[in-house]
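# Understanding the architecture of this molecule
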Amino acid sequence: MKEIEDILRAYAQSRENGKKVALATVVHVEGSSYRRPGARMLVTEDGEMTGAISGGCLEGDALRRALLAIIQQQNKLVTYDTTDEDDAKIGVQLGCNGIVHILFEPIDPASSHNAIRLLEQVLEKREDAVLVTLFRLNQAAQQPGTCLRYSGNDFAGSLEDGNLKSAIVKDVLEVFSTRQGMVKQYGDEKPALHGFVELLKPPVSLVIAGAGNDAMPLVEIARIQGWHTTVVDGRALYATPARFPGARRVIVSKAAEVLQKVTIDERTVFVLMTHNYNYDLALLELLLQKEVTYIGTLGPKKKLERMLDELAAKGITVGEEERARIHGPVGLDIGAETAEEIALSVTAEIKSVLSERTGIPLREKNGPIHTL
């Protein structure tokens, strides 16, 4: 989601400067590639690029393709076959062993349903959304492009009513329900029409209870990943925007009032690291009454066990389901010692939990690294 936010900021700046732009989107991948479907890059008419569609090997050629799309004001699909050892065919060094299909869409600011506007609508609220991009693998064929957005039980886009829209809407609702995107062929016409039906989730909302020095690198690493971070602490001298410029919000609050000041959804996670036992305990008690996906507690396992024992003494039973949401000691076992290393460990664990992954070394993983 950070990439989309960066693209939208760059687009707003290009509008102010009167520049024409095109949006490049990876819509389909066969085999391996550095970026997966949904990767995007904005290109201005004077060659500025925001985002990425590869590890850098495709961007040079993609720049030329985007400029052509801007000049001709037509959507264009380009296929890069990185399985071909003759890299000179497209003038780049690849070696990813996959076929990457990229759609280039010149953005018409006058259109209320252009691809950028649909992306803007996705970010207007913290809720899941589905975006549909139609394309044909025949590069000479007409490329419909990004045409439909669904979120909050609302559809928007340029797709007209009919059998095609009915079929796509059915798949949109399936993706929204199963949380798994898809690439699907529609109809029997030649060349075949395909749809990239993409699930977009809101940015991670990280709430850090604790405004000590060790929270600073955690805020910074979260910012780099595009997470929206809130720092909360009862100490006004510590919880200041000047100490945490990378945080979206810095709140001075008693533990009992924290949850009145933050919004919790399925992408909201908490890390308790105030170094104040009673503050962390009070906040943990409140969080266990909410549907919070991840609660991390800094400190030794004995500290967490003591907190759970005290809660049990108050008649608060922490069942297996609630206990599974508590991660203490917080973080993955990477041998972290410094505040920066601990921050890396913590964010890696949060990412693995939200992605429902185990955090094992990739060399030990059976099957592909990525799914759609």
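Counting restarts for each chain, with residues numbered from 1 along the sequence as it is written. Predicted model: local features are reported for residues with pLDDT of at least 70 only, side-chain atom pairs are reported and counted for 80 or more only, and whole-chain, interface and lining totals are derived from all residues. In computing side-chain values, all of the structure's heavy atoms are included and hydrogens and water are not.

## Structural notes on the sheet that holds strand E14 (residues 268–272)
- Two strands pair if DSSP finds at least two bridges between them. Numbering of helices and strands starts at the N terminus; helices are DSSP runs of H or I of at least 4 residues and strands are runs of E of at least 2. Taken together, 6 strands build an open sheet; the order of strands is E13-E12-E11-E14-E15-E16 and the sheet is parallel. Each of the sheet's edge strands pairs with one partner strand only, and the pair in question is strand E13 (249–252) and strand E16 (326–327).
- Across 5 bridges, strand E11 (residues 205–209) lies against E14 in parallel orientation. By the bridge assignment for E14, Leu206 is matched with Val269.

## Topic: the sheet that holds strand E1 (residues 21–31)
- The 5 strands are arranged E3-E2-E1-E5-E4 in an open sheet whose pairing can be described as antiparallel. With partners counted over all chains shown, the strands left at the sheet margins are strand E3 (49–51) and strand E4 (76–81), one partner each. Across the sheet, the mean angle separating the axes of adjacent strands is 20° when strand polarity is ignored.
- When E1 meets strand E5 (residues 98–106), the two strands line up antiparallel, connected through 9 bridges. Bridge assignment links His28 to a residue of E5, and that residue is His101.
- Only heavy atoms enter the contact rule, under which two residues are in contact if any of them lie within 4.5 Å. Here the axes come from fitting lines to C-alpha atoms, over the contacting stretch only for helices, and the angles between their N-to-C directions go from 0 to 180 degrees. Strands in contact with helix H1 (residues 2–16) are E1, strand E2 (40–44) and E3; relative to E2, the strand with the most contacts, it is inclined by about 15°.
- Each of E1, E2 and E5 is contacted by helix H3 (residues 115–123), which is oriented at about 80° to E1, the strand it contacts most.

## Focus on the pairing of strand E10 (residues 193–200)
- Among the 8 residues that make up E10, 8 are buried, leaving the element largely enclosed by the rest of the structure.
- Burial of the side chains of E10 extends over both faces: Leu193, Gly195, Val197 and Leu199 are buried on one face and His194, Phe196, Glu198 and Leu200 on the other.
- Two elements, strand E9 (residues 182–186) and E10, share 5 bridges in a ladder whose sense is antiparallel. Within E10, the residue paired with Tyr186 across the bridge is Leu193.
- Turn length for the E9-E10 hairpin, with the two strands adjacent in sequence and antiparallel, is 6 residues, and the turn residue Gly187 shows positive phi of about 75°. Working definition: with a 1.4 Å probe on protein chains only, accessible area under 20% of the residue-type maximum means buried, over 50% means exposed, and in between means partly exposed.

No statement about biological role is implied by the geometric values presented.
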